[in-house]
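Structure at a glance
One-letter residues, chain by chain:
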Amino acid sequence: MKNILLLLTLILFTMTTSYAQQKPTTSGYAPVNGLKLYYETYGEGTPLVLIHGSFMNIGMNWGQLIPALSKSHKVIALEMQGHGRTADIDRAYSYEGLAGDVAGLLNYLNIKQADVVGYSLGGTIAYQLAIAHPEMIKKLIIISGVYKTAGWLPQVQQAIKGLTPETLAQTPLKQAYDALAPDPSHWAAFIKKLMILEGKDFDLGDDHIKHLPPTLLIMGDNDGSDLQYTAHTYHLMGGGVCGDLEGLPKSQLAILPGVTHVSLMMETAKLTGLILPFIDK
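We now turn to the structure provided with this report. What you are looking at is a predicted structure, and each value in this text was computed from that prediction instead of being measured. (Residues numbered from 1 in each chain as written. Predicted model: local features only at pLDDT ≥ 70, side-chain atom pairs only at ≥ 80, totals over all residues. Heavy atoms only, no water.)

1. Brief notes about the packing of helix α4 (residues 95-108) against helix α5 (residues 121-132)
- In contact at an axis separation of 8 Å, α4 and α5 are set at 75° when each is read in the N-to-C sense. Classified by the interaxial angle, the pair formed by α4 and α5 is roughly perpendicular. Residue-level inspection shows Tyr95, Glu96, Leu98, Ala99, Val102 and Ala103 of α4 in contact with α5, the latter providing Leu121, Thr124, Ile125, Gln128 and Leu129.
- For the contact of α4 with α5, the residue count by class is eight nonpolar, two polar and one charged. (Axes fitted to C-alpha atoms, helices over the stretch in contact; angles between N-to-C directions. Helix = DSSP H or I, 4+ residues; strand = E, 2+ residues; numbered from the N terminus. Parallel < 35°, antiparallel > 145°, perpendicular 65-115°, else oblique. Contact = heavy atoms within 4.5 Å. Nonpolar A, V, L, I, M, F, W, Y, C, P; charged D, E, K, R; others polar.)

Spelled out as structure tokens, the structure:
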């Protein structure tokens with residue numbers, strides 16, 4: 001926990017500093033599925049949606065990437081139910097519900113189709129969005145996200161189940177929550193409620209993964225995901241072939257060296273160098 005705390009502290013400072021220096025083109029609250037869903041847009045061009053990870057907000061997850069990505073695309077960043085400036089509602093967390101909220105935001109903004117980037121939990125939501133609304137997705141980028149519980153190493157699965165409002169209160173996540181949440185006193189209820197979802201086994205289905213739009217998988221070599229599972233996922237997407245003989249698949253796999261689940265999001269230049277060529281191709 002001490003190492004995670006240090007990394008989160010560094011990320012919170014670095015990401016939010018970059019984020020604070022750039023003002024959104026537009027921002028507001030979309031009435032979606034009973035939520036007042038907070039969102040921001042940056043730049044112009046083809047739409048690119050960013051879905052953050054558990055407990056995070058726009059600035060903390062995407063603060064450094066937004067300036068780079070918005071130079072050539074219309075970046076749409078949102079804060080999911082109970083996260084950041086989006087208040088919680090009386091609705092259990094589910095992958096279907098959270099993905100439906102993203103689809104609702106796109107409808108609200110009159111965006112027919114977009115590229116979508118999801119990190120961690122946001123990656124799972126991006127998977128579910130592409131499964132439920134394939135017509136909305138042009139290309140998919142999954143950063144350190146999985147489509148089933150077995151995608152995480154056993155020790156990660158165990159650590160997730162051990163998270164509590166008290167342990168997370170010792171991280172910068174609580175500081176960020178207090179700064180943005182409409183009701184900071186809702187912290188404990190928010191964490192307990194989200195951990196019900198996080199603690200459940202899930203599997204979005206191998207058959208669904210086989211039929212996704214072109215997908216870029218980005219993982220760290222030590223980010224807590226099972227690399228055998230990552231290889232299996234890429235095989236389902238048509239990858240892992242001899243490209244010289246069979247041609248290259250539409251999907252791609254990138255494993256960044258020397259990074260963890262948390263520090264992966266600080267690899268701004270590498271992430272930008274992977275994401276933009278993939279969606280612009």
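Read on, since the account is not over.
2. Regarding the sheet that holds strand β6 (residues 137-143)
- Taken in spatial order, the eight strands make up an open sheet running β1-β2-β4-β3-β5-β6-β7-β8, and their pairing is mixed. Every interior strand has two partners, whereas the edge strands, β1 (26-32) and β8 (252-256), have only one. Taking each pair of neighbouring strands and ignoring which way they run, the sheet shows an average axis angle of 20°.
- As paired elements, strand β7 (residues 215-220) and β8 share five bridges and run parallel to each other. Paired with Leu217 across the bridge in β8 is Leu253. (Pairing = 2+ DSSP bridges.)

3. Description of empty space enclosed by the protein
- Tallied over the full model, the rule gives one cavity of 30 Å³ or more.
- Here the largest cavity defines a volume of roughly 50 Å³.
- Lining the largest cavity we find Phe55, Met56, Asn57, His83, Gly84, Leu173, Ala176 and Tyr177.
- Counted by class, the lining of the largest cavity contains five nonpolar, three polar and no charged residues. (1 Å grid on protein atoms, 1.4 Å probe; cavity = no way out; pocket = protein on both sides within 12 Å on 5 of 7 lines; lining within 4 Å. Points joined across faces, edges and corners; volume = space filled by probe spheres on them.)

4. Some points on the environment of Ala231
- As for its placement among the helices and strands, Ala231 is situated in helix α11 (residues 227-236).
- In this structure Ala231 comes out as partly exposed when scored by relative accessible area, which is 34%.
- For the pair Ala231 and Leu48, spaced 183 residues apart in sequence, the C-alpha separation works out to 26 Å. (Buried < 20%, exposed > 50% of the residue type's maximum accessible area, 1.4 Å probe, protein only.)

5. What about the side chain of Asp115?
- Residue position: Asp115 is located in strand β5 (residues 114-119).
- Buried within the structure, Asp115 lacks any salt-bridge partner; Lys138 is the closest side chain of opposite charge, at an N-O distance of 4.7 Å.
- Within the local environment of Asp115, its side chain forms a polar contact with the backbone nitrogen of Lys139, the two atoms lying 3.0 Å apart.
- Contact partners of Asp115, with chain neighbours within four places excluded, come to Pro47, Leu48, Val49, Lys138, Lys139 and Ile279. (Lys, Arg positive; Asp, Glu negative; His and termini not counted. Salt bridge = Lys/Arg side-chain N within 4 Å of Asp/Glu carboxyl O. Polar contact = N/O pair within 3.5 Å; in protein donor to acceptor, adjacent residues only side chain to side chain.)

6. Considering the pattern of salt bridges
- Under the definition given, this model contains eight salt bridges.
- Linking Glu79 and Arg85 is a salt bridge whose minimum nitrogen-to-oxygen distance equals 2.8 Å. With respect to class, Glu79 is no different from Arg85; both count as buried.
- Between Arg91 and Asp101 there is a salt bridge, with its nearest N and O atoms 2.5 Å apart. Of this pair, Arg91 sits in the loop between β4 (74-79) and α4 while Asp101 sits in helix α4; the two residues are ten residues apart in sequence, bridging distant segments of the chain.
- By sharing partners, the salt bridges in this structure join Glu40, Glu79 and Arg85 into a single network.

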